[in-house]
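Structural features, examined
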Amino acid sequence: MILVREQTAAFTGHRTYRGEADELLRAAIRALHARGVGTFLSGMAEGFDLAAAEAVLALREELPDLRLVCVLPYSDHADHQKPTVRERYREVLLKADAVVPLSTNYYAACYHHRNDYLVDHASYLVAWYSGRTGGTRYTVRRAHAAHLPVENLWPDPQLDLTL
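Residues numbered from 1 in each chain as written. Predicted model: local features only at pLDDT ≥ 70, side-chain atom pairs only at ≥ 80, totals over all residues. Heavy atoms only, no water.

1. Side note on the sheet that holds strand E1 (residues 8-13)
Pairing is parallel in the open sheet, where 6 strands are placed in the order E4-E3-E2-E1-E5-E6. Strands with a single pairing partner mark the edges of an open sheet, and in this sheet they are strand E4 (98-101) and strand E6 (150-152). Across the sheet, the mean angle separating the axes of adjacent strands is 20 degrees when strand polarity is ignored. Strand direction decides the pairing type here: strand E2 (residues 39-42) and strand E3 (residues 67-72), joined by 4 bridges, are parallel. In the strand pairing of E3, Phe40 is matched with Leu68. Packed on one face of the sheet, helix H4 (residues 110-120) meets E1, E2, E3 and E4 and runs near 150 degrees to E3. (Pairing = 2+ DSSP bridges. Helix = DSSP H or I, 4+ residues; strand = E, 2+ residues; numbered from the N terminus. Axes fitted to C-alpha atoms, helices over the stretch in contact; angles between N-to-C directions. Contact = heavy atoms within 4.5 Å.)

Written out as structure tokens, the structure reads:
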């Protein structure tokens, strides 16, 4: 699948996400679609990434031209998910338009490289970012450095995304 950056958005968020912003997430996807974004990249981490991928798939009934690309840090990433998440994860992979494994094996920086791919191939980032350190912070900061618009669905409007 060829990605057109201007028509592509990516997701990043904490693994602790439990559906707190599902309606806002769907609204963000609809709004991006109205602006010409049809392809969505998910890094497929537990929590927000997986929920965002499922939201794209669910919205296909309403917006049939939506495409989902699952960007995996390494090929057998699905096998390393918690048993409670593994079935959902595999279901999303089966329904995705494309699955892009960035490596055949796990290595120390594979998650950073996955996050770099998300930012490098998107024109917009939708986040669930609390301000905590970690991969989501890294991705949000990298998106800001690349001048990508970031929509943070976290409920604290005072949060400084540039931290």
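There is more to say, and it comes next.
2. Let's talk about the environment of Ala78
Turning to its location among the elements, Ala78 is positioned in the loop between E3 and helix H3 (83-95). On the basis of relative accessible area, Ala78 is assigned to the buried category, the value being 9%. Separated by 52 residues in sequence, Ala78 and Ser130 have C-alpha atoms that sit 26 Å apart. Once residues lying within four places of it in the same chain are set aside, the contact partners of Ala78 are Arg86, Tyr89, Arg90 and Leu93. (Buried < 20%, exposed > 50% of the residue type's maximum accessible area, 1.4 Å probe, protein only.)

3. Digging into the packing of helix H2 (residues 48-59) against H3
The N-to-C vectors of H2 and H3 enclose an angle of 45 degrees; their axes lie 10 Å apart at closest approach. Classed by the angle they form, the pair H2 and H3 counts as oblique. Here H2 runs over H3; the crossing is left-handed. Taken together, the residues of H3 that come into contact with H2 (itself represented by Leu50, Ala51, Ala53, Glu54 and Leu57) are Val85, Arg88, Tyr89, Val92 and Lys95. Its residues assigned to classes, the contact of H2 with H3 comprises 7 nonpolar, no polar and 3 charged. (Parallel < 35°, antiparallel > 145°, perpendicular 65-115°, else oblique. Left-handed = near helix turned anticlockwise from the far one by under 90°. Nonpolar A, V, L, I, M, F, W, Y, C, P; charged D, E, K, R; others polar.)

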